[in-house]
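# Residue-level structural notes
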Amino acid sequence: MQDLPPTIRGLVFDCDGTLADTMPLHYKAWTRALGEYNSEFSEKMFYDLAGMPTLHIIQLLNEKHGYDLPVQEATDRKEELFEQLIHQVQPIEPVVSLVHKYSGKLPMAVATGGTRQNVIKILQALHLLPLFKAIVSASDVKKSKPAPEIGRA
């Protein structure tokens, strides 16, 4: 693994899909939650909307597919099911190796479109939480994906 240039003064990582392979768990939670409402979410559409907040996805599914999903209730259910699966999360090893390599050498943070609660649980499951000085999540900004403020937070 090549060293970083000396001009690098800190590292910022995304969580979902960068530090943690959460996408299969998110999709499993989506299929279970929507199945409870007799609704579907194709895997292609799921990956096309990756990173968008759950609430917005449910609103979009209602619009595009004519569903009548109760937005907040379905959002809460999907998030509840995802939380039940977090213990199964797998690290994305090349990125986690970087975290370990630069831990204590450079300040590190996580900037993510996920919720603070989920990100903390994911980082705990991967035993990475103490390695980060800061976490900025969708919970910390007014505008999240697809036009996030996180870069300005």
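A brief structural summary.

Cut-offs used in this document
- Residues numbered from 1 in each chain as written.
- Predicted model: local features only at pLDDT ≥ 70, side-chain atom pairs only at ≥ 80, totals over all residues.
- Heavy atoms only, no water.
- Pairing = 2+ DSSP bridges.
- Helix = DSSP H or I, 4+ residues; strand = E, 2+ residues; numbered from the N terminus.
- Axes fitted to C-alpha atoms, helices over the stretch in contact; angles between N-to-C directions.
- Contact = heavy atoms within 4.5 Å.
- Core = buried A, V, L, I, M, F, W, Y, C linked by side-chain atoms within 4.5 Å.
- Buried < 20%, exposed > 50% of the residue type's maximum accessible area, 1.4 Å probe, protein only.

Attention shifts here to the sheet that holds strand β5 (residues 134-136). With parallel pairing, the three strands of this open sheet are ordered in space as β1-β4-β5. Where the open sheet ends on each side, the last strands, each with one partner, are β1 (11-13) and β5. Strand-to-strand twist across the sheet, computed as the mean angle between neighbouring axes with direction ignored, equals 20°. Across three bridges, the pairing between β1 and strand β4 (residues 108-111) is parallel. Across the sheet, the residue bridging to V12 is A109, located in β4. The sheet strands contacting helix α6 (residues 116-125) are β4 and β5, and the helix crosses β5 at an angle near 140°.

Turning to the nonpolar core, a few remarks are in order. Within the largest apolar cluster, 27 residues are counted, with the highest numbers of intra-cluster contacts made by F13, L19, V110, I122, L123 and F132. Tallying contributions element by element places helix α5 (residues 93-102) first for this core, with four residues. In contact with F132, other than residues within four places in its own chain, are F13, L19, V99, M108, A109, V110 and L123. Counting 14 residues, the second-largest nonpolar core is a separate cluster that includes Y27, M45, L49 and L61.

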